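Commentary on secondary and tertiary structure
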Amino acid sequence: MYGSISSTPPHDARGGEANMDGTSPKGSSVMSGVINLANTIVGAGMLGLPGAFGGTGWLSGMVLLVLSATFSAHGLVLLSKAACRTGRPSSFYSVALASVPGYTIVIDLAVALKCFGVATGYLITIADSMVNALDHLLLTGDPSKDGRLLISVLLSRHFWVLGGLLSVMPFSFYRTLDELKKASALALVFVFMLVGMIIAYANGIADPCIGNETIENGTCRGEFETHTSFSMTLSKLPIFVFSFTCHQNIFPIVNEMNLLSQRRINIVICSSIGFALVLFSVVALEGYGTYGSFVRGDILLNYPENTPVTFLRVCIAFMLALHYPLQLDPSRRCVTSLVKVILKWWHNRKRLNTGRNMQGTGHIGEIEMEQEEEESMSPYGEMSHGNMRNPAEDCDHLFYIITYSFLALSFILALSVDDLGVILALVGATGSTLVSYVLPGLIYIKIFPKSSWPTVMAYIQLVTGIAIIPLALYFIITNQVSH
């Protein structure tokens, strides 16, 4: 019942051998898991938290931030327990197959599309950040100089979408999250630099009002409130929920964990969520404290257009390039599972149809020979013995096909659309809540049906997610209509 289709190829990115079950022969450490999971959580989304506090007030905002962190950690624990019960290699597909087998394809598709949307948003943000940064550095106000071909190319959004694609490609072909730990650690360095700037402006080390367009009565700081209206607070709820979404990457962490135990996994979860909560609290409180009710949806838009802020825009671009593989990896795993399921279904149907045709002509011996031949074939339709291709080669081919397809489609969409706007908001409202609230609760209840306190908490996780989805959709739609 708990069997699954492996979605991890049997070779690592450096050409070494990996276990045929998709796990690493060496195993990753707790620290590696913490770095990768924390880096999945901490991203450009935290730049919107000061604006969220502007809509909720600092006290209500902190309550929502802590609750979101708590529910996110609980969801990760539920999924990790389900993954340990079903066995390694685990994935959303394997735990869904054990709990809600009728919806495995839908779940994998939802996770893949959600991660694809976020990764494409990263490419768009990389391009926008670089264009905004170079606009400050290169433009002089002299039309004869600003109109040169090189300046035009460097300020082209399409050029930087291509640059973003080229920058993420070296990190897109690693087979395990453990191999991304150095890139994740580097991305966290950029995060700390961003937090340092926010703290500097909040505490008067740098003047936040120079050149600020929102100055009123000699100040760029609006009202600093403890709370706002109930409807306004609820309208900001999706931002807090989405800020801690990282649940798609708990499965590779479980698969790669050395000396696997629930205690070690819980250390990874609590450390990652705790680190993100502290970081988000500092960014939200300090950013909101700097500009009060004048704070904008992207806190960087409040700061002066000067060299330090421009440098940080470049840092954000590099940070998102390092975050991109953390969205590609779970999406690739889900698509791999989908492809294997479809290929298995197609070959089973082909064998069934062949058997029926041969039975109609009385070729029983040929049926037996056909069945023996099918049993010797890999899931990809090629012979797995003799001088024919082996399953490992097929896994490699599938890995590269899916990776290149993901990169190409993401690149094309980022070129075509400069603002995913409502589409990403709708995907986030449904996909993120589904992944971090609804599925963890539902999967745990199905795999551990015996009544217990963890089961009660799983029901609370499930019901909360079901309530959040329509609320988030309602406020997204009403906000778009009102604007």
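This text follows the structure it describes.
Attention here is on the structure that accompanies the text. (Residues numbered from 1 in each chain as written. Predicted model: local features only at pLDDT ≥ 70, side-chain atom pairs only at ≥ 80, totals over all residues. Heavy atoms only, no water.)

Looking at the overall build of the protein
- Of regular secondary structure, the protein possesses 18 helices and 0 strands.
- Buried positions account for 50% of the 483 residues belonging to the protein.
- Taking the contacts inside the protein whose residues are at least 6 apart along the sequence as the reference set, 82% of them involve residues at least 24 apart. (Helix = DSSP H or I, 4+ residues; strand = E, 2+ residues; numbered from the N terminus. Buried < 20%, exposed > 50% of the residue type's maximum accessible area, 1.4 Å probe, protein only. Contact = heavy atoms within 4.5 Å.)

Concerning unusual backbone geometry
- For the bond running from arginine 88 to proline 89, omega is 0°, close enough to zero to count as cis.
- Mapped onto the fold, proline 89 is located in the loop between helix H3 (58-86) and helix H4 (92-99).
- Here the phi dihedral of leucine 259 falls at roughly 50°; this positive angle occurs in a residue that is not glycine.
- Within the fold, leucine 259 resides in the loop between helix H12 (250-256) and helix H13 (262-291).
- With a relative accessible area of 63%, leucine 259 lands in the exposed category.

Quick look at the packing of helix H5 (residues 104-138) against helix H8 (residues 157-168)
- H8 packs onto H5 with a crossing angle of 125° between their chain directions and a minimal axis gap of 8 Å. What the angle tells us is that H5 and H8 run oblique. H8 is crossed by H5, and the crossing has right-handed handedness. Taken together, the residues of H8 that come into contact with H5 (itself represented by Leu123, Ile124, Ile126, Ala127, Asp128, Met130, Val131 and Leu134) are Arg157, Trp160, Val161, Gly164 and Leu165.
- Split into classes, the residues belonging to the contact of H5 with H8 amount to 10 nonpolar, 1 polar and 2 charged. (Axes fitted to C-alpha atoms, helices over the stretch in contact; angles between N-to-C directions. Parallel < 35°, antiparallel > 145°, perpendicular 65-115°, else oblique. Left-handed = near helix turned anticlockwise from the far one by under 90°. Nonpolar A, V, L, I, M, F, W, Y, C, P; charged D, E, K, R; others polar.)

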